[in-house]
Amino acid sequence: AQTVTQSQPEMSVQEAETVTLSCTYDTSESNYYLFWYKQPPSRQMILVIRQEAYKQQNATENRFSVNFQKAAKSFSLKISDSQLGDTAMYFCAFMKGAGNTPLVFGKGTRLSVIA
Amino acid sequence: ETGVTQTPRHLVMGMTNKKSLKCEQHLGHNAMYWYKQSAKKPLELMFVYNFKEQTENNSVPSRFSPECPNSSHLFLHLHTLQPEDSALYLCASSQDQPNEQFFGPGTRLTVL
(Lines give C-alpha, C1' and ligand atoms only; values in the text may rest on other atoms or scores of the structure.)
Protein backbone atom coordinates (compact mmCIF):
# COMPACT_ATOMS: atom_id res chain seq x y z
CA ALA A 1 0.00 0.00 0.00
CA GLN A 2 1.09 3.52 -0.67
CA THR A 3 1.57 6.04 2.11
CA VAL A 4 2.14 9.77 2.03
CA THR A 5 3.76 11.63 4.92
CA GLN A 6 3.70 15.35 5.55
CA SER A 7 5.84 15.99 8.60
CA GLN A 8 4.95 19.65 9.12
CA PRO A 9 1.43 20.04 10.57
CA GLU A 10 1.70 23.84 10.57
CA MET A 11 3.96 26.44 9.02
CA SER A 12 4.00 30.19 8.70
CA VAL A 13 5.77 32.56 6.36
CA GLN A 14 6.04 36.30 5.95
CA GLU A 15 4.38 37.82 2.94
CA ALA A 16 6.75 37.95 -0.08
CA GLU A 17 9.06 35.34 1.43
CA THR A 18 9.64 31.79 0.22
CA VAL A 19 8.46 28.67 2.01
CA THR A 20 8.97 24.96 1.35
CA LEU A 21 6.51 22.27 2.38
CA SER A 22 7.82 18.74 2.65
CA CYS A 23 6.29 15.48 1.53
CA THR A 24 7.62 11.95 1.40
CA TYR A 25 5.90 8.87 0.07
CA ASP A 26 6.36 5.16 0.03
CA THR A 27 5.55 2.97 -2.96
CA SER A 28 6.85 0.05 -4.94
CA GLU A 29 5.25 1.38 -8.13
CA SER A 30 7.42 2.72 -10.92
CA ASN A 31 4.66 4.61 -12.74
CA TYR A 32 2.77 7.15 -10.68
CA TYR A 33 1.74 10.77 -10.29
CA LEU A 34 2.21 13.19 -7.45
CA PHE A 35 0.07 16.21 -6.68
CA TRP A 36 -0.13 19.17 -4.37
CA TYR A 37 -3.65 20.32 -3.56
CA LYS A 38 -4.62 23.50 -1.74
CA GLN A 39 -7.67 23.80 0.48
CA PRO A 40 -8.38 27.43 1.50
CA PRO A 41 -10.60 28.17 4.49
CA SER A 42 -13.63 28.09 2.15
CA ARG A 43 -12.81 24.37 1.77
CA GLN A 44 -12.84 23.97 -2.02
CA MET A 45 -9.86 21.76 -2.79
CA ILE A 46 -7.96 22.90 -5.87
CA LEU A 47 -4.98 21.46 -7.69
CA VAL A 48 -1.76 23.44 -7.33
CA ILE A 49 0.72 21.35 -9.28
CA ARG A 50 1.30 17.83 -10.58
CA GLN A 51 4.34 15.75 -11.37
CA GLU A 52 4.61 12.60 -13.46
CA ALA A 53 7.14 10.20 -11.98
CA TYR A 54 8.67 9.44 -15.37
CA LYS A 55 9.60 13.09 -15.88
CA GLN A 56 12.92 14.16 -14.44
CA GLN A 57 12.21 17.85 -14.81
CA ASN A 58 10.57 19.45 -11.79
CA ALA A 59 7.11 20.88 -12.43
CA THR A 60 6.56 24.62 -12.14
CA GLU A 61 3.38 26.69 -12.07
CA ASN A 62 4.04 30.39 -11.69
CA ARG A 63 5.14 30.92 -8.05
CA PHE A 64 4.80 27.22 -7.23
CA SER A 65 7.49 24.67 -7.96
CA VAL A 66 8.39 21.22 -6.75
CA ASN A 67 11.59 19.45 -5.89
CA PHE A 68 10.99 15.87 -6.96
CA GLN A 69 13.62 13.43 -5.73
CA LYS A 70 12.48 10.05 -7.01
CA ALA A 71 15.19 7.96 -5.39
CA ALA A 72 14.55 9.57 -2.03
CA LYS A 73 10.76 9.46 -2.60
CA SER A 74 10.52 13.10 -1.74
CA PHE A 75 8.20 15.69 -3.30
CA SER A 76 8.46 19.12 -1.69
CA LEU A 77 6.52 22.22 -2.70
CA LYS A 78 8.17 25.63 -2.85
CA ILE A 79 6.05 28.75 -2.81
CA SER A 80 7.90 31.89 -3.84
CA ASP A 81 6.79 35.46 -3.13
CA SER A 82 4.14 34.22 -0.70
CA GLN A 83 0.82 36.04 -0.78
CA LEU A 84 -1.95 36.31 1.80
CA GLY A 85 -4.16 34.25 -0.50
CA ASP A 86 -1.76 31.34 -0.17
CA THR A 87 -3.02 30.78 3.38
CA ALA A 88 -4.57 27.30 3.27
CA MET A 89 -4.15 23.62 4.04
CA TYR A 90 -1.82 21.99 1.56
CA PHE A 91 -2.14 18.29 0.82
CA CYS A 92 0.39 16.11 -0.91
CA ALA A 93 -1.18 13.22 -2.83
CA PHE A 94 -0.06 10.11 -4.67
CA MET A 95 -1.76 8.26 -7.51
CA LYS A 96 -0.71 5.05 -9.22
CA GLY A 97 -0.23 5.40 -12.94
CA ALA A 98 -2.62 2.78 -14.20
CA GLY A 99 -6.01 1.31 -13.52
CA ASN A 100 -8.83 2.59 -11.37
CA THR A 101 -6.78 4.29 -8.77
CA PRO A 102 -7.79 6.99 -6.32
CA LEU A 103 -5.62 9.56 -4.60
CA VAL A 104 -3.75 8.75 -1.41
CA PHE A 105 -3.38 11.88 0.68
CA GLY A 106 -1.04 13.04 3.40
CA LYS A 107 -2.44 14.64 6.56
CA GLY A 108 -1.79 18.12 5.27
CA THR A 109 0.21 21.18 6.27
CA ARG A 110 -1.56 24.29 7.45
CA LEU A 111 0.24 27.31 5.97
CA SER A 112 -0.32 30.80 7.30
CA VAL A 113 1.01 33.76 5.36
CA ILE A 114 1.58 36.71 7.67
CA ALA A 115 1.40 40.31 6.53
CA GLU B 1 -15.68 27.19 -8.72
CA THR B 2 -18.79 25.57 -10.26
CA GLY B 3 -17.29 22.49 -11.96
CA VAL B 4 -18.32 20.18 -9.12
CA THR B 5 -21.22 21.14 -6.88
CA GLN B 6 -22.44 19.55 -3.68
CA THR B 7 -25.66 19.96 -1.74
CA PRO B 8 -26.38 20.58 1.00
CA ARG B 9 -23.33 22.48 2.19
CA HIS B 10 -24.22 21.82 5.83
CA LEU B 11 -26.29 19.05 7.36
CA VAL B 12 -27.19 18.23 10.95
CA MET B 13 -28.92 14.93 11.56
CA GLY B 14 -29.84 12.63 14.37
CA MET B 15 -28.67 9.04 14.55
CA THR B 16 -32.05 7.71 13.46
CA ASN B 17 -32.47 10.02 10.48
CA LYS B 18 -32.09 9.18 6.79
CA LYS B 19 -30.57 11.81 4.54
CA SER B 20 -28.77 12.02 1.21
CA LEU B 21 -25.82 14.02 -0.04
CA LYS B 22 -25.76 15.04 -3.67
CA CYS B 23 -22.87 15.73 -6.00
CA GLU B 24 -23.04 16.95 -9.58
CA GLN B 25 -20.18 17.52 -11.98
CA HIS B 26 -20.41 19.76 -15.04
CA LEU B 27 -17.03 18.82 -16.50
CA GLY B 28 -17.95 15.84 -18.68
CA HIS B 29 -15.88 13.51 -16.51
CA ASN B 30 -16.46 9.77 -16.33
CA ALA B 31 -15.25 8.97 -12.82
CA MET B 32 -16.58 10.24 -9.49
CA TYR B 33 -15.43 9.77 -5.90
CA TRP B 34 -16.56 10.22 -2.32
CA TYR B 35 -13.96 11.15 0.31
CA LYS B 36 -14.33 11.68 4.04
CA GLN B 37 -12.27 14.42 5.67
CA SER B 38 -12.00 14.29 9.45
CA ALA B 39 -9.95 16.60 11.63
CA LYS B 40 -6.25 15.71 11.86
CA LYS B 41 -6.61 12.70 9.57
CA PRO B 42 -5.77 12.24 5.90
CA LEU B 43 -8.63 12.33 3.45
CA GLU B 44 -10.13 8.86 3.30
CA LEU B 45 -11.44 7.44 0.06
CA MET B 46 -14.89 5.94 0.45
CA PHE B 47 -16.18 5.03 -3.01
CA VAL B 48 -15.13 5.23 -6.65
CA TYR B 49 -17.45 5.12 -9.64
CA ASN B 50 -16.07 4.75 -13.14
CA PHE B 51 -18.58 5.01 -16.00
CA LYS B 52 -21.36 4.64 -13.40
CA GLU B 53 -19.95 1.35 -12.13
CA GLN B 54 -18.65 1.13 -8.60
CA THR B 55 -15.03 0.13 -8.85
CA GLU B 56 -13.95 0.58 -5.26
CA ASN B 57 -15.55 0.38 -1.86
CA ASN B 58 -12.93 1.16 0.72
CA SER B 59 -14.39 -0.94 3.56
CA VAL B 60 -17.07 1.62 4.25
CA PRO B 61 -19.82 0.69 6.74
CA SER B 62 -23.15 -0.19 5.19
CA ARG B 63 -24.81 2.81 6.81
CA PHE B 64 -23.25 4.72 3.90
CA SER B 65 -24.83 3.77 0.58
CA PRO B 66 -23.65 5.34 -2.70
CA GLU B 67 -25.67 5.74 -5.85
CA CYS B 68 -24.48 6.84 -9.29
CA PRO B 69 -27.43 7.08 -11.71
CA ASN B 70 -25.30 8.62 -14.47
CA SER B 71 -21.80 9.90 -14.98
CA SER B 72 -22.75 13.42 -13.85
CA HIS B 73 -24.48 12.65 -10.57
CA LEU B 74 -23.38 10.91 -7.41
CA PHE B 75 -25.32 10.45 -4.20
CA LEU B 76 -24.40 9.28 -0.73
CA HIS B 77 -27.36 7.95 1.21
CA LEU B 78 -27.00 8.06 4.97
CA HIS B 79 -28.93 6.12 7.60
CA THR B 80 -28.43 5.35 11.29
CA LEU B 81 -25.17 7.23 11.42
CA GLN B 82 -22.95 7.55 14.48
CA PRO B 83 -21.47 10.73 15.99
CA GLU B 84 -18.01 9.67 14.76
CA ASP B 85 -19.34 9.96 11.21
CA SER B 86 -19.38 13.73 11.62
CA ALA B 87 -16.94 15.09 9.04
CA LEU B 88 -16.59 16.97 5.79
CA TYR B 89 -17.66 14.80 2.87
CA LEU B 90 -15.98 15.70 -0.39
CA CYS B 91 -17.00 14.67 -3.87
CA ALA B 92 -14.53 14.67 -6.75
CA SER B 93 -14.51 13.81 -10.43
CA SER B 94 -11.90 13.02 -13.07
CA GLN B 95 -11.61 12.07 -16.71
CA ASP B 96 -9.91 8.89 -17.91
CA GLN B 97 -8.36 7.53 -14.76
CA PRO B 98 -5.70 7.98 -13.62
CA ASN B 99 -5.90 11.71 -13.79
CA GLU B 100 -6.13 14.72 -11.55
CA GLN B 101 -9.34 15.08 -9.64
CA PHE B 102 -11.54 18.13 -9.30
CA PHE B 103 -13.25 18.58 -5.96
CA GLY B 104 -16.55 19.98 -4.83
CA PRO B 105 -16.88 22.35 -1.85
CA GLY B 106 -17.96 19.54 0.49
CA THR B 107 -20.86 18.89 2.83
CA ARG B 108 -20.19 19.52 6.51
CA LEU B 109 -22.08 16.75 8.30
CA THR B 110 -22.82 16.77 12.02
CA VAL B 111 -24.41 13.71 13.60
CA LEU B 112 -26.01 14.33 16.97
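Please refer to the structure placed before this passage.
Residues numbered from 1 in each chain as written. Chains lettered and ligands numbered in written order. Predicted model: local features only at pLDDT ≥ 70, side-chain atom pairs only at ≥ 80, totals over all residues. Heavy atoms only, no water.

Counting its secondary structure elements, chain B contains zero helices and 11 strands. Secondary structure elements of chain B, listed N to C terminal, follow the sequence β-β-β-β-β-β-β-β-β-β-β. Each of the three principal axes of chain B carries a C-alpha extent, and together these read 40 × 25 × 25 Å. The 112 residues of chain B split such that 49% are buried. Restricting the contact set of chain B to residue pairs at least 6 apart, pairs at least 24 apart contribute 53%. Only carbon and sulfur atoms are counted for the fraction: they give 49% of the accessible area of chain B, which is about 5,100 Å². (Helix = DSSP H or I, 4+ residues; strand = E, 2+ residues; numbered from the N terminus. Buried < 20%, exposed > 50% of the residue type's maximum accessible area, 1.4 Å probe, protein only. Contact = heavy atoms within 4.5 Å. Areas by Shrake-Rupley, 256 points an atom, 1.4 Å probe, with all protein chains shown as cover.)

What follows concerns the interface of chain A and chain B. Listed by partner, the interface residues are 23 residues for chain A and 27 residues for chain B. Of the roughly 1,900 Å² buried between chain A and chain B on both sides combined, carbon and sulfur atoms contribute 54%. Scanning the region where chain A abuts chain B turns up one salt bridge. The partner of Arg-50 of chain A in a salt bridge is Glu-100 of chain B, and the shortest N-O contact between them spans 2.8 Å. Seen at the junction of chain A and chain B, the total is five residue pairs in polar contact (both at pLDDT 80 or more). Those elements that provide at least two residues to the side of chain A that touches chain B are β5 (32–39), β6 (46–52) and β10 (88–96) of chain A. Broken down by element, the residue count for the side of chain A that touches chain B peaks at four residues, all from β5 of chain A. (Buried area = accessible area lost by both parts, 1.4 Å probe. Salt bridge = Lys/Arg side-chain N within 4 Å of Asp/Glu carboxyl O. Polar contact = N/O pair within 3.5 Å; in protein donor to acceptor, adjacent residues only side chain to side chain.)

Right, let's talk about the pairing of strand β12 (residues 109–114) of chain A for a bit. Residue and element names in this part refer to chain A. Residue alternation in β12 divides its side chains into a buried set, Thr-109, Leu-111 and Val-113, and an unburied set, Arg-110, Ser-112 and Ile-114. Here five bridges tie strand β2 (residues 10–14) to β12, and the two strands are oriented parallel to one another. Across the sheet, Glu-10 pairs through a bridge with Arg-110, a residue of β12. Both β10 and β12 contribute to a ladder of three bridges, which runs antiparallel. (Pairing = 2+ DSSP bridges.)

On to the state of the cysteines. Put plainly, a disulfide is one covalent bond tying together the sulfur atoms of two cysteines. Applying the stated criterion across every chain, the model contains two disulfides over all chains. With its sulfur 2.0 Å from that of its partner, Cys-23 of chain A forms a disulfide with Cys-92 of chain A. Its torsion about the S-S bond being -70 degrees, the disulfide of Cys-23 of chain A and Cys-92 of chain A is classed as left-handed. Remark: Cys-92 of chain A occurs in strand β10 and Cys-23 of chain A occurs in the loop between β3 (19–21) and β4 (24–26); sequence separation between them is 69 residues. Like Cys-92 of chain A, Cys-23 of chain A is buried. No disulfide involves Cys-68 of chain B; its sulfur sits 9.0 Å from the nearest other cysteine sulfur, which is in Cys-91 of chain B. Relative accessible area serves as the criterion here: at 11%, Cys-68 of chain B is assigned to the buried category. (Disulfide = S-S within 2.5 Å.)

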